Amino acid sequence: RRRLGSSIGDASSVALGDFDDDGDLDLMLLAPDGPAQIWINDLLWNWRRETWCRPIETSGPTEAVWFRDDDDGTPQLATLVGTGADRRLAIWSLQRDAVREVEIAEENRTVPGARGLAAIDLAGSGRTNLLLTRDDDTAGPSLEVRDARGGMIESIESIEAIEVPEAIAADLAQFRTH
């Protein structure tokens, strides 16, 4: 059993990824009311905090997802910062011993009501998509599909319900648990 060097505080969620690009998983602990903590794994499961991670930690992220840059494979981290109408998307480029915030257009940076964040290649094209779940007071709930630079691809406000034929519904009913 390994221990982190200090308290994990009020961490409420975790992001995993190879933040320092050395081939192992590193750890990011996110807290709703405090700074994040990034713990770098030294390949032997010894953990340390690095000063080059501080800009991300102190930006106040509450959600984060790790992915690789579509063009050069550089590790990237997308984060959600702030709350409610002040919610913002930030994307960070992670290079061994350095970090920089990636420039994204202002209209793509503000994401009021954003709650969840994921990174996936939806089309199998080798290009990363960022998925954001939102519940904006004005627009209502939605799922947004964005490119790896935060640019909007599509906003899905609703998905049509599918009517299940009675015979299939009866078969499914026998699997329900109460």
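Worth saying up front: this structure is predicted, and the values here are computed from it rather than measured.

> Is there a simple way to think about the sheet that holds strand S4 (residues 47–48) in this case?
Backbone-to-backbone hydrogen bonds pair the strands of a sheet. The strands run either parallel or antiparallel. Pairing within the open sheet is antiparallel, and its four strands lie in the order S1-S2-S3-S4. Every other strand in the sheet has two partners, leaving strand S1 (13–17) and S4 as the edge strands with one partner each. Summarising the sheet, S1 and strand S2 (residues 26–30) pair through five bridges and their orientation is antiparallel. For Leu16, the partnering residue across the bridge sits in S2 and is Leu27.

> Explain the sheet that holds strand S11 (residues 140–147) to me, please; I cannot follow it from the model alone.
What the four strands build is an open sheet, ordered S9-S10-S11-S12; its pairing is antiparallel. Either end of the sheet is taken by a strand with one partner, and the two such strands are strand S9 (114–120) and strand S12 (152–156). Each neighbouring strand pair of the sheet contributes to a mean axis angle of 20°, computed without reference to strand direction. As paired elements, S9 and strand S10 (residues 129–136) share six bridges and run antiparallel to each other. Bridged to Ala114 within S10 is Arg134.

> Quick question: what am I supposed to make of the packing of aromatic side chains here?
What describes a pair of aromatic rings is the distance from one ring centre to the other and the angle between the planes of the rings. A complete count under the given rule lists one aromatic pair for this structure. Across the ring face of Trp39, the terminal group of Arg49 is positioned such that the distance to the ring centre comes to 5.7 Å.

> Explanation requested: the pattern of salt bridges in the structure shown.
Where charged atoms from two side chains of opposite charge come close, those side chains can pair. Here the structure, examined in full by the defined rule, presents 13 salt bridges. Asp135 is the partner of Arg115 in a salt bridge, and the nearest nitrogen-oxygen pair spans 3.5 Å. One end of the pair, Arg115, is in strand S9; the other, Asp135, is in strand S10, with 20 residues separating them in the sequence. Overall, the relative accessible area of 55% leaves Arg115 in the exposed class. When its relative accessible area of 32% is taken as the criterion, Asp135 is described as partly exposed. Overlapping salt bridges, with partners in common, bring together Asp18, Asp21 and Arg68 in one network.

Definitions and limits used
Residues numbered from 1 in each chain as written. Predicted model: local features only at pLDDT ≥ 70, side-chain atom pairs only at ≥ 80, totals over all residues. Heavy atoms only, no water. Pairing = 2+ DSSP bridges. Helix = DSSP H or I, 4+ residues; strand = E, 2+ residues; numbered from the N terminus. Axes fitted to C-alpha atoms, helices over the stretch in contact; angles between N-to-C directions. Phe/Tyr/Trp six-rings, centres within 6.5 Å; stacked < 30°, edge-to-face > 60°. Lys NZ or Arg CZ within 6 Å of the ring centre and 35° of its normal. Salt bridge = Lys/Arg side-chain N within 4 Å of Asp/Glu carboxyl O. Buried < 20%, exposed > 50% of the residue type's maximum accessible area, 1.4 Å probe, protein only.

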